[in-house]
Amino acid sequence: MKKSGWMIALLMFGCLLTVGCHKEESYDMQIYYLNSEETALNTEGYNLKSDKAEGQVQEVLKKMQNPKDSVECVPAIPTDLMITDIRLEDGRLDLYFSEDYNILDAASEALLQAAVVQTVTQIDGVERVQFHVADEVLKDHHGDEVGYLRSEDFVQKDRKSVV
């Protein structure tokens, strides 16, 4: 009986060691996607490949259209929505979308903006984002320019984005 007690203690010690040595994977950033219901945002860890900010922006915007986990994460940028130009200067990122942007309903547009802004502002050198549609600055339903958006412009609950 004493031998089995020692064996159990040794086995439990071994289990504790394995749990203690478990290493959580770390990522350069989190990319935001829509959840499967398309009502809120989910994130997925990502390691950047590009060195320069503009290349990193292009990289993550492309990645936002192709999540790894297609069951839990839906692309935040629809695959048929084209980004026609990207301009980064003094921390201000201007994103130019095709006219198809105007097809988005209000909820989809708000989630897209939140996902894009919260993703790209994690990149060093990107502080705020302005959306353009067909070379025009994006306007709200009152006809006023939306202007530059920052990550803080979106409410977050438990590290999940709520628009």
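If you're wondering where the values come from, they're calculated on a predicted model, not measured in any experiment.

About the cut-offs
- Residues numbered from 1 in each chain as written.
- Predicted model: local features only at pLDDT ≥ 70, side-chain atom pairs only at ≥ 80, totals over all residues.
- Heavy atoms only, no water.
- Salt bridge = Lys/Arg side-chain N within 4 Å of Asp/Glu carboxyl O.
- Buried < 20%, exposed > 50% of the residue type's maximum accessible area, 1.4 Å probe, protein only.
- Helix = DSSP H or I, 4+ residues; strand = E, 2+ residues; numbered from the N terminus.
- Contact = heavy atoms within 4.5 Å.
- Phe/Tyr/Trp six-rings, centres within 6.5 Å; stacked < 30°, edge-to-face > 60°.
- Patch = residues over 30% accessible without salt bridge, like charges linked within 9 Å, V, L, I, M, F, W, Y side chains within 5 Å.
- Areas by Shrake-Rupley, 256 points an atom, 1.4 Å probe, with all protein chains shown as cover.
- Lys, Arg positive; Asp, Glu negative; His and termini not counted.
- Charge placed at Lys NZ, Arg CZ, Asp CG, Glu CD.
- Pairing = 2+ DSSP bridges.
- Core = buried A, V, L, I, M, F, W, Y, C linked by side-chain atoms within 4.5 Å.

Asker: Would you mind going over the pattern of salt bridges with me for this structure?
Answerer: When the charged atoms of two side chains with opposite charge come close together, those side chains can pair. Scanning all chains against the criterion turns up three salt bridges. Across the pair Arg87 and Asp85 runs a salt bridge, and its minimum N-O distance is 2.8 Å. On the basis of relative accessible area, Arg87 is assigned to the partly exposed category, the value being 44%. Here Glu152 ties to Arg150 by a salt bridge, and the two come within 3.8 Å at their closest N and O atoms. A relative accessible area of 59% means that Glu152 is categorised as exposed. Look at the salt bridges and you will find they share partners, linking Arg150, Glu152 and Asp153 into a network.

Asker: Looking at this structure, how should I read the environment of Gln58?
Answerer: On the secondary structure map, Gln58 appears in helix 2 (residues 53-63). Overall, the relative accessible area of 44% leaves Gln58 in the partly exposed class. The sequence separation of Gln58 and Ile83 amounts to 25 residues, and the corresponding C-alpha distance is 9.6 Å.

Asker: How should I be thinking about the environment of Ile31 in this particular structure?
Answerer: Mapped onto the elements of the fold, Ile31 is located in strand 1 (residues 29-35). With 29 residues separating them in the primary sequence, Ile31 and Val60 have C-alpha atoms 7.2 Å apart. Excluding residues that lie within four positions of it along the chain, Ile31 makes contacts with Asn42, Thr43, Glu44, Tyr46, Val60, Lys63, Met64 and Thr119.

Asker: Before we go on, may I ask you to explain the packing of aromatic side chains in this structure?
Answerer: Aromatic rings considered in pairs are described by the distance between their centres and by the relative angle of their planes. Within the structure shown, the criterion is met by three aromatic pairs. With a centroid separation of 5.7 Å and 15° between ring planes, the pair formed by Phe97 and Phe131 is classed as stacked. With a gap of 34 residues between them, Phe97 in strand 5 (residues 92-97) and Phe131 in strand 6 (residues 128-133) connect regions that are remote in the sequence. We note that Phe97, like Phe131, is buried. Among the aromatic residues, ring-to-ring pairing joins Phe97, Tyr101 and Phe131 into one connected group.

Asker: Would you take a moment to explain a negative patch on the surface for this structure?
Answerer: Negative charge collects at one region of the surface, where Asp135, Glu136, Asp140, Asp144 and Glu145 lie side by side. Along the chain, Glu145 falls in the loop between strand 7 (136-137) and strand 8 (155-157). The class of Glu145 is exposed, set by a relative accessible area of 52%.

Asker: Sorry, what's going on with the pairing of strand 4 (residues 83-89) here?
Answerer: The sheet contact formed by strand 4 and strand 5 spans six bridges and is antiparallel. By the bridge assignment for strand 5, Asp85 is matched with Tyr96. Hairpin geometry of strand 4 and strand 5 is characterised by an intervening segment of two residues between the two adjacent antiparallel strands and by a positive phi of about 50° at Asp90.

Asker: When you look at the nonpolar core in this model, what are you seeing that I'm missing?
Answerer: Most often, soluble globular proteins keep nonpolar side chains buried together rather than apart. By size, the foremost hydrophobic cluster in this structure holds 38 residues, and its most contacted members are Leu61, Tyr101, Leu112, Val116, Val120 and Phe131. Looking at this core, the elements that each hand over two or more residues are strand 1, strand 2 (41-46), helix 2, strand 3 (73-74), strand 5, helix 3 (106-120) and strand 6. In contact with Phe131, not counting residues within four places along its chain, are Leu95, Phe97, Tyr101, Leu112, Gln113, Val116, Val117, Glu136, Val137, Leu138 and Leu149.

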